[in-house]
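Structural description and commentary
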Amino acid sequence: MELTLLLATVVGVLIAAPQTAVAYSSGDAAAMYNAYNNAFLYTSGSTAYYKKSLSDSGEDGSWTDDLDIMVVLDAYEVTGDADKLALIENLLTTWLAYNPPPYNGDGWNDDVGWYTLGLIRAYQYTGNQHFFDVAKAGYDMAFARGWDTAHNGGGIWELQPEDDPSPANKCVLSNASLGRVACLIYQSTHDATYLNQCSEIYDWLWHNLYVPATGEVYGCIEQNGQIDYGDDPYNQGSMADMANMLWLINNQATYLNDAKAAISYAFNHVTNNGIFSNPSTGGWTDDLTRAVGRTVWNNRLWDTYYSQMLNNANAIVNNKRSDLGITWNKWDTPTPHDNTQIPNQIAGAAAWLQWVPANQPNSIAGLHVITNQQTGMAIDSMGTFGNGQSVNQWGAGGGQNQRWLLSQNSDTSWNIISTTTWQALDCPSGSTASNIGMIQWKPSRQSNQRWWIDQQPSGSYKIWNQASGLALDGSSSTTNGSPLTQWPYNGGPQQLWVLN
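Since the structure is predicted, the reported quantities are computational estimates derived from the model, not experimental observations.

**Considering the overall build of the protein**
- A count of helices and strands for the protein gives twelve helices and 21 strands.
- For the C-alpha atoms alone, the extent of the protein along its principal axes is close to 70 × 55 × 50 Å.
- The buried share among the 500 residues of the protein stands at 60%.
- Long-range pairs, those at least 24 residues apart, make up 66% of the contacts in the protein between residues at least 6 apart in sequence.
- Taken as a whole, the protein presents about 17800 Å² of accessible surface, with 51% of it coming from carbon and sulfur.
- The averaged location of the 44 negative side-chain charges in the protein is 7 Å from the averaged location of its 20 positive side-chain charges.

**Description of the sheet that holds strand S4 (residues 169–171)**
- Reading across the sheet, the three strands line up as S4-S7-S8 and stay open at both edges, with antiparallel pairing between neighbours. Here the strands that pair on one side only, and so sit at the sheet edges, are S4 and strand S8 (227–228).
- Sheet analysis places strand S7 (residues 220–222) next to S8, joined by two bridges and oriented antiparallel. Each bridged residue has a counterpart across the sheet, and for Ile221 the counterpart in S8 is Ile227.

**Overview of unusual backbone geometry**
- Between Pro101 and the following residue, Pro102, the backbone shows a cis peptide bond with an omega angle of 5°.
- Along the polypeptide, Pro102 turns up in the loop between helix H3 (82–98) and helix H4 (109–126).
- In the segment running from Gln160 into Pro161, the intervening peptide bond is cis, with an omega of -10°.
- Phi angles above zero are rare outside glycine, and Met382 is one such case at about 65°.
- Checked against the element boundaries, Met382 lands in the loop between strand S11 (377–380) and strand S12 (392–395).
- Accessibility expressed as a relative area gives 29% for Met382, which makes it partly exposed.

**A look at the pattern of salt bridges**
- Inspection of every chain in the model, using the stated rule, returns 14 salt bridges.
- When the shortest N-O distance is used, the salt bridge between Asp83 and Lys84 registers 4.0 Å.
- Between Arg450 and Asp411 there is a salt bridge whose closest N-O contact spans 2.9 Å. In this pair, Arg450 is assigned in the loop between strand S16 (439–441) and strand S17 (451–455) and Asp411 in the loop between strand S13 (404–408) and strand S14 (414–418), connecting sequence segments 39 residues apart.

**Notes on the confidence of the model for the protein**
- Counting all residues, the mean pLDDT for the protein is 94, and 95% of those residues have values of 70 or more.
- Considering only residues more than four positions removed or in separate chains, one finds that residues 1–18, a stretch of pLDDT under 50, has 39 contacts.

**Here we look at H4**
- For H4, with 18 residues, the first-to-last C-alpha span of 25 Å sits near the 26 Å given by 1.5 Å per residue.
- Extensive coverage of H4 is indicated by the burial of 17 of its 18 residues.
- Gly127, located one to two residues past H4, shows a positive phi value of around 80°.

**Here we look at the sheet that holds strand S3 (residues 56–59)**
- With antiparallel pairing, three strands are arranged side by side in an open sheet as S1-S2-S3. Single-partner strands in this sheet number two, and they are strand S1 (41–44) and S3. Taking the axes of each pair of neighbouring strands and ignoring which way they run, one obtains an average angle of 45° across the sheet.
- Against the sheet, helix H1 (residues 28–40) engages S1 and strand S2 (47–53), with an angle of about 80° to S2.
- Seen against the sheet, H3 touches S1, S2 and S3 and runs at an angle of roughly 70° to S2.

**Remarks on the pairing of S3**
- Pairing geometry for S2 and S3, over two bridges, is antiparallel. Looking across to S3, one finds that Ser53 is bridged to Asp56.
- In textbook terms, the turn of a hairpin is the stretch between consecutive antiparallel strands, and for S2 and S3 this stretch comprises two residues.

**Overview of helix H9 (residues 253–269)**
- Between its first and last C-alpha atoms H9 spans 24 Å; for 17 residues at 1.5 Å apiece the expected length is 24 Å, and the two agree.
- Every buried residue of H9 is accounted for by Tyr255, Leu256, Asp258, Ala259, Ala262, Ile263, Tyr265, Ala266 and Phe267.

**Observations concerning the state of the cysteines**
- In total, this model carries two disulfides according to the counting rule given.
- Here Cys171 engages in a disulfide with Cys220; their sulfurs sit 2.0 Å apart. Here Cys171 and Cys220 share a disulfide; its torsion about the S-S bond, 105°, makes the bridge right-handed. You can see Cys171 sitting in strand S4 and its partner Cys220 sitting in strand S7, a full 49 residues away along the chain.
- Taking relative accessible area as the criterion, Cys171 reaches 0% and is therefore assigned buried.

**Focus: the packing of H4 against helix H6 (residues 172–189)**
- Interhelical geometry of H4 versus H6 gives an angle of 25° and a closest axis separation of 8 Å. With respect to each other, H4 and H6 are oriented roughly parallel. H6 is crossed by H4, and the crossing has left-handed handedness. In this structure, H4 contributes Asn109, Asp110, Val112, Gly113, Trp114, Thr116, Leu117, Ile120, Arg121, Tyr123 and Gln124 to the contact, and H6 contributes Leu173, Ser174, Ser177, Leu178, Arg180, Val181, Leu184, Ile185, Gln187 and Ser188.

**A short note on the packing of aromatic side chains**
- This structure, assessed with the given rule, holds 26 aromatic pairs.
- Between Tyr202 and Tyr255, the ring centres sit 5.3 Å apart and the planes meet at 70°, which makes this aromatic pair edge-to-face. Of the two residues, Tyr202 is situated in helix H7 (residues 192–208) and Tyr255 in helix H9; the sequence distance between them amounts to 53 residues.
- Under the relative-accessibility criterion, Tyr202 is labelled buried at 3%.
- Taken together, the ring pairs in this structure connect Phe267, Phe276, Tyr305, Trp331 and Trp352 into an aromatic cluster.

Rules and cut-offs
- Residues numbered from 1 in each chain as written.
- Predicted model: local features only at pLDDT ≥ 70, side-chain atom pairs only at ≥ 80, totals over all residues.
- Heavy atoms only, no water.
- Helix = DSSP H or I, 4+ residues; strand = E, 2+ residues; numbered from the N terminus.
- Buried < 20%, exposed > 50% of the residue type's maximum accessible area, 1.4 Å probe, protein only.
- Contact = heavy atoms within 4.5 Å.
- Areas by Shrake-Rupley, 256 points an atom, 1.4 Å probe, with all protein chains shown as cover.
- Lys, Arg positive; Asp, Glu negative; His and termini not counted.
- Charge placed at Lys NZ, Arg CZ, Asp CG, Glu CD.
- Pairing = 2+ DSSP bridges.
- Salt bridge = Lys/Arg side-chain N within 4 Å of Asp/Glu carboxyl O.
- pLDDT = per-residue confidence, 0-100.
- Expected span 1.5 Å × (residues − 1).
- Axes fitted to C-alpha atoms, helices over the stretch in contact; angles between N-to-C directions.
- Disulfide = S-S within 2.5 Å.
- Parallel < 35°, antiparallel > 145°, perpendicular 65-115°, else oblique.
- Left-handed = near helix turned anticlockwise from the far one by under 90°.
- Phe/Tyr/Trp six-rings, centres within 6.5 Å; stacked < 30°, edge-to-face > 60°.

Have a look at this one:
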């Protein structure tokens, strides 16, 4: 549904008295997530969905419920908690029961974009093949019918057939949602067709709806070339998120520069004194939330953005409802005490807190080349995709095969993901055998894919597996292609690693 059709003014509600100001602290993210679920989540056995509103327990529609579910996907992405993974499985299974494919009867391509974005994320976390199959089929249908070069040089139409009274247009809504789905399908399959389509969609957005000099992202372009110039956190965020995805995949710094520019523009121009405050009944800050979170975490941009992220987190906790603990989409204003609020109004605040740590993180999280202290050899995926492929060592050059994305779980262990293969560094079956070679496997966050990373007095790091208890060991080898092994920790330089 077009964003312009969703704006409404909240009137006739009782605004709660401001609370005494408090500082955002550890525990607030989990409390807000739990409050969001307590207010809106319906469960019965394996059935799970988000309700239409505080006063209506019916299932929250199609694309709206999908956006509600994104909060749980974010929470799992940040924490790796098993209870969230189980909830994702139930939520998307229930969602498919209410919204079965195919989706060619829905003319809104951005709707299909949101459907498939939720499903492909859920597949990457759960491994549920049905989620993938539906996501891929829905994306293929929307791209095939929507991508058109006859007008505006490309881009995906927002609505087909065009039965809206406004002119036919192509928007960030449809293009950035479906574009990210293409990137995620590529990550999951290594089918270059989808990376090419993701890049093609992004290139079209960049030339038609993005202002490189400022980072501003326009909303839509009409068939006649007229631009919708309205600023919106969704537009800024979805463009930035897609840019960061392509940066991780392609190692081209121009994408990262675009992501940072779009995020900076949002903080400087789409806020009220630095705080996101959206008057629409849908918050539309959700996509900006995950764009900021991923881009900052992935690239360790804390010095640039942490204070702004924290200011918004403080506003969220200071303006939550005292009775329900939820915060609406106007983060700088106390949340009304009324029963008409919908989960889309509340989701943005719950998602924001998932991505903002109570204290500025250290330098472990994010993108690294991991080199052995003794030999200088780098951990290398060899660019080979598929479960069970070996992880080797190679002379450090910083190429794509040597880039690893480190993210933390709630138990403080770490995930180590190749940005070439999008597979996890894995201790085979959690084996406790010394000198066994490490492999890659589809990310599961099981204990054999969880790593403890402890900084040593030298500044280097001991990296050891949660399941085996053994440390990564370079075996003192300087031969390209030599295996990456594990060994009981002895503190030798061949077991110490530098995060570049």
